[in-house]
Amino acid sequence: MDVSAANSGSLASLRMARKHYGQLCALDGLDLGVAAGELVALLGPNGAGKTTAIGLLLGLIRADSGAVTLFGQSPHRLAARRHIGVMLQSAGVPDTLQVGELLALTRSYYANPRSMADCVALAGLDGLTKRRYVALSGGQQRRVQFALAICGRPRLLFLDEPTTGLDVEARQRLWQTIRELVAEGCGVLLTTHYLEEAEALADRVIVLAQGRIVAQGSVQAIRAHVSQRRIRCLTSIAVETMSAWPHVRSASRSDARTELVVDAAEPVVRRLLAEDPGLQDLEVHRAGLSDAVIALTRKAA
Ligand code: ATP
């Protein structure tokens, strides 16, 4: 994708952003933009530079070179930061306050905040407003942090691992709320190691490794970077035998179930059927986003 096109109309953008920590190059000329009504997932292994990129956009750290803009301005300007909502991994919430008090306090910073009832409903905080933040479970605290991030009606939301610690139902609920906010025109920059989350939500995925973009595009486009498939079946053919077949990258067996990672499914399936008339429970899976991200970041390394 043409980066200048990707960044035009962006709520937030990095252009050729570089950041070193001493000798270590954390970001090596990164281009990134998030538009209104778009959810961009920033993915990559530990140390890839995701937090550094967010830190630049939030004005928490300064780039060595390149341009960093938030609503067309420097992220250090309060006028730009008024339109963002932020949910980072470490929260820094005054934890002796009750949830309702925290929400009231944060809402008071904004000219036109969301109603208390909306915040409670969107973040799934029913029944929790009288509870002290410090006494909540990790997942409940995470939901409060989400409510605080959206109470000012942000035009751009930064979500750093938002569903860590959430149970399955709370996670699905939060995904639905995020989808609704995006449909209303909010831009979202999401970082997550939980790739199912990116698969469920992202309009665009950016894969970072060692401070550089190694791939970007829709979830489909990223998956298409790897031709790899997984074949699962019950077979009596020895794992060592199958490992030596053409197109088979690896073969393993656990609990009697065999899994083959292959770079072309059809010839391997034909051979399995030909060599084992007793073959059962055959399944062929395409590469998921996690397979693709692992392959892309390994290649970059
Ligand atoms: P993770 O998935 O683990 O959160 P990340 O993609 O967010 O990783 P960053 O935190 O941006 O990665 O780190 C990028 C690189 O910069 C890493 O090698 C990290 O060790 C280094 N780094 C980050 N912050 C600092 C700092 N304050 N001082 C020195 N090095 C740093």
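Small disclaimer: the values here were computed from a predicted structure and weren't measured. (Residues numbered from 1 in each chain as written. Predicted model: local features only at pLDDT ≥ 70, side-chain atom pairs only at ≥ 80, totals over all residues. Heavy atoms only, no water.)

**Section: the overall build of the protein**
Logical step 1: Scanning the protein from N- to C-terminus turns up twelve helices and 13 strands.
Logical step 2: Considered along the principal axes of its C-alpha atoms, the protein spans approximately 70 × 45 × 35 Å.
Logical step 3: Looking at the 301 residues of the protein, the share that counts as buried comes to 48%.
Logical step 4: Here the protein displays about 14300 Å² of accessible surface, and carbon together with sulfur accounts for 49% of that area.
Logical step 5: Here the protein contributes 34 positive and 29 negative side-chain charges, whose respective centroids are spaced 7 Å apart. (Helix = DSSP H or I, 4+ residues; strand = E, 2+ residues; numbered from the N terminus. Buried < 20%, exposed > 50% of the residue type's maximum accessible area, 1.4 Å probe, protein only. Areas by Shrake-Rupley, 256 points an atom, 1.4 Å probe, with all protein chains shown as cover. Lys, Arg positive; Asp, Glu negative; His and termini not counted. Charge placed at Lys NZ, Arg CZ, Asp CG, Glu CD.)

**A short note on the site of the ligand**
Logical step 1: Taken together, Tyr21, Leu24, Ala26, Pro45, Asn46, Gly47, Ala48, Gly49, Lys50, Thr51, Thr52 and His193 make up the full set of residues near the ligand.
Logical step 2: Take Asn46: an N or O atom from its side chain is 2.9 Å from an oxygen atom of the ligand.
Logical step 3: Gly47 has a polar backbone atom sitting 2.8 Å from an oxygen atom of the ligand.
Logical step 4: Considered on its own, the ligand offers 640 Å² of accessible surface; in the complex 60% of this is hidden by protein.
Logical step 5: For the shell around the ligand, the elements supplying multiple residues, two or more each, are β2 (24-35) and α2 (50-57).
Logical step 6: For the shell around the ligand, the residue count by class is five nonpolar, six polar and one charged. (Near = heavy atom within 4 Å. Polar contact = N/O pair within 3.5 Å; in protein donor to acceptor, adjacent residues only side chain to side chain. Nonpolar A, V, L, I, M, F, W, Y, C, P; charged D, E, K, R; others polar.)

**Things to note about the packing of aromatic side chains**
Logical step 1: All chains considered together, the criterion is met by one aromatic pair.
Logical step 2: Between the aromatic rings of Trp175 and Tyr194, the centroid separation amounts to 6.2 Å while the plane-to-plane angle is 35 degrees, which identifies the pairing as tilted. Of this pair, Trp175 sits in helix α7 (residues 168-183) while Tyr194 sits in the loop between β7 (187-191) and α8 (195-201), placing them 19 residues apart in sequence. (Phe/Tyr/Trp six-rings, centres within 6.5 Å; stacked < 30°, edge-to-face > 60°.)

**Side note on the sheet that holds strand β6 (residues 156-160)**
Logical step 1: Spatial strand order, β5-β6-β7-β3-β8-β9: six strands in an open sheet with mixed pairing. Of all strands in the sheet, those bounded by a partner on one side alone are β5 (84-87) and β9 (212-217). Averaged over neighbouring strand pairs, the angle between their axes works out to 15 degrees when direction is ignored.
Logical step 2: As paired strands, strand β8 (residues 204-209) and β9 are joined by five bridges and run antiparallel to one another. By the bridge assignment, Val207 is partnered in β9 with Ala215.
Logical step 3: Along the sheet, helix α6 (residues 138-150) contacts β5 and β6; its crossing angle with β5, the most-contacted strand, is approximately 165 degrees. (Pairing = 2+ DSSP bridges. Axes fitted to C-alpha atoms, helices over the stretch in contact; angles between N-to-C directions. Contact = heavy atoms within 4.5 Å.)

**Focus: the confidence of the model for the protein**
Logical step 1: In this model, the protein carries a mean pLDDT of 92, and residues with pLDDT of at least 70 account for 97%.
Logical step 2: In this model residues 1-7 is a low-confidence stretch, pLDDT under 50, and it forms nine contacts with partners more than four residues away in sequence or in other chains. (pLDDT = per-residue confidence, 0-100.)

**Considerations on the packing of helix α4 (residues 99-107) against α6**
Logical step 1: One way to put it is that α4 packs onto α6 with a least axis distance of 9 Å and a crossing angle of 20 degrees. For the element pair α4 / α6, the angle class is roughly parallel. In the packing of α4 onto α6, the handedness of the crossing is right-handed. Of the residues in α6, those touching α4 at Val99, Leu102, Leu103 and Thr106 are Val144, Ala147 and Leu148.
Logical step 2: Of the residues contributing to the contact of α4 with α6, the split by class is six nonpolar, one polar and no charged. (Parallel < 35°, antiparallel > 145°, perpendicular 65-115°, else oblique. Left-handed = near helix turned anticlockwise from the far one by under 90°.)

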